[in-house]
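# Overview (structure and organization)
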Amino acid sequence: MTTKVYIALLSLAISAFAIGTTEFVIVGLLQTVADDLSISVTKAGTLISGYAIALAVGTPIVAAISGRIPKKGFLLILMIVFILGNALAAIADTYEILMISRVITAVAHGVFFAIAATVAADIVPEDKKGTAISIMFTGLTVATIAGVPLGTYVGQHYGWRATFGAVAILGLIGLVANLFAVDKVKRQANPPTLIDVGQLVRNKRIVLALLMTALGFGGTFALFTYLTPILQDISGYSSGSISLLLLVYGVAVAIGNIAGGKMANQHPVRSLRFVFFLQGIVLLLQMVLLPSKSLSIVGIILLGLFAFMMSPGVQAYIVTLAEKLVPSAIDIASALNISAFNVGIAAGSTLGGAAVDYLTYLDTAWIGAIMVAFAFVLSVLNYKLDKKQKLF
């Protein structure tokens with residue numbers, strides 16, 4: 001890849017950093033927001049699941065009806081909407097206004113990632129698609145390393161509204177970076193439509209791949225949504241330690257994402273079988289590791305390593321699968337996969353919330369492991385079908 005391509009990918013990663021921060025920083029601020037707005041932690045958790053649902057529903061629809069808009073211009077419009085959504089969150093004084101701001105931001109988030117993933121894949125050779133997408137997604141993982149811990153620190157010391165104000169500024173930086181670094185992208189001869197959405201959801205192979213994505217991410221978020229209260233109430237850490245612990249988690253996420261990108265360059269779903277298998281084991285281990293203050297560090301590192309290792313693989317897989325099965329709808333397939341991420345996040349965080357309400361915090365671990373077990377089964381099935389149909 002040339003220097004120019006790397007700069008373009010890094011500019012997309014800057015936006016991904018801002019977007020990832022706004023989605024996941026709420027995890028570190030869950031208790032702070034709940035206390036300030038006088039709501040329960042579980043209700044505050046709906047700011048995560050609500051964001052995910054809005055993203056899942058809005059992303060494919062907006063991607064389909066905006067297919068004729070030039071991609072670079074559309075990326076810039078999406079970043080402007082993202083900035084405005086976070087600015088609204090920064091002045092929100094009720095749960096309802098905060099939820100509205102999250103919904104606005106979520107739709108911009110989903111479509112941005114869907115378009116950015118296809119742009120990243122388009123500007124590199126065929127055998128570098130996994131790496132290109134992982135570089136773009138590096139912004140998301142750096143958000144977990146720096147954005148979430150820093151945002152949590154800012155929120156705990158200056159108020160959670162200050163965190164969203166800071167994210168709006170990050171979005172502005174991303175907007176400027178994309179304006180200057182990303183070249184105009186050649187417009188598709190036949191842009192996607194809502195008909196393409198129907199085509200994709202009727203294709204059994206595409207649906208199996210989307211289900212795999214949703215279950216894999218759902219398993220992560222069943223526990224991750226409530227990681228902050230778990231570390232405080234189960235592992236015994238003070239609230240002041242949470243930012244540092246999230247930093248450790250984020251470094252592990254970045255390492256896992258890079259590894260996942262390299263593994264996804266050849267046959268993504270082949271490597272995903274091993275990723276899901278190990279992820280399920282790691283989730284089950286948390287029931288032993290997290291109750292121990294010393295061993296919980298090991299648990300956090302393992303969770304981080306496998307939390308997003310699947311990201312480049314599932315995204316590269318759906319794009320490649322769409323190229324072979326429904327070539328007119330690659331952008332929509334990418335958008336649907338972003339939706340599947342967030343269907344999983346909504347399902348995982350909702351099931352995790354049920355565990356918190358009716359069982360215990362630690363029960364989120366085995367609930368997540370069951371979801372990942374189904375993702376593993378689907379990865380094995382997808383691999384066998386690929387070989388049978390000679391798609392790769």
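In the block above lies the structure referred to throughout.
Figured I'd write up the structure that's included with this text. (Residues numbered from 1 in each chain as written. Predicted model: local features only at pLDDT ≥ 70, side-chain atom pairs only at ≥ 80, totals over all residues. Heavy atoms only, no water.)

## Section: the environment of Thr 138
Tracing the chain through its elements places Thr 138 in helix H5 (residues 129-158). Classification of Thr 138 by relative accessible area gives partly exposed; the value is 27%. (Helix = DSSP H or I, 4+ residues; strand = E, 2+ residues; numbered from the N terminus. Buried < 20%, exposed > 50% of the residue type's maximum accessible area, 1.4 Å probe, protein only.)

## Topic: the pattern of salt bridges
As enumerated under the stated definition, the model contains one salt bridge in all. Where Arg 161 meets Asp 36, a salt bridge forms, and the shortest distance between an N and an O atom there is 3.1 Å. Residue Arg 161 is located in helix H6 (residues 160-181), and its partner Asp 36 is located in helix H1 (residues 3-37); the two are separated by 125 residues in the primary sequence. Taking the relative accessible area as the measure of exposure, Arg 161 reaches 27% and is therefore partly exposed. (Salt bridge = Lys/Arg side-chain N within 4 Å of Asp/Glu carboxyl O.)

## Here's the deal with the packing of aromatic side chains
One pass over the full model with this rule turns up six aromatic pairs. A centroid spacing of 6.2 Å and a plane angle of 85° characterise the contact between Trp 160 and Phe 164, whose relative ring orientation is edge-to-face. With Trp 160 and Phe 164 both in helix H6, this residue pair falls four residues apart, about one helical turn. Like Trp 160, the residue Phe 164 is buried in the burial classification. Centroid distance Phe 217 to Phe 341: 4.3 Å. Interplanar angle 35°. Geometry classified as tilted. Of this pair, Phe 217 sits in helix H8 (residues 204-224) while Phe 341 sits in helix H14 (residues 330-358), and the two are 124 residues apart along the sequence. With respect to class, Phe 217 is no different from Phe 341; both count as buried. Of the aromatic side chains, those joined through ring pairs into one cluster are Phe 221, Phe 224 and Tyr 249. The ring of Tyr 95 has Lys 43 sitting right over it, with the charged end atom 4.6 Å from the ring centre. Here the guanidinium or amino end of Lys 293 rests over the ring plane of Tyr 237, the centre of that ring lying 5.2 Å away. (Phe/Tyr/Trp six-rings, centres within 6.5 Å; stacked < 30°, edge-to-face > 60°. Lys NZ or Arg CZ within 6 Å of the ring centre and 35° of its normal.)

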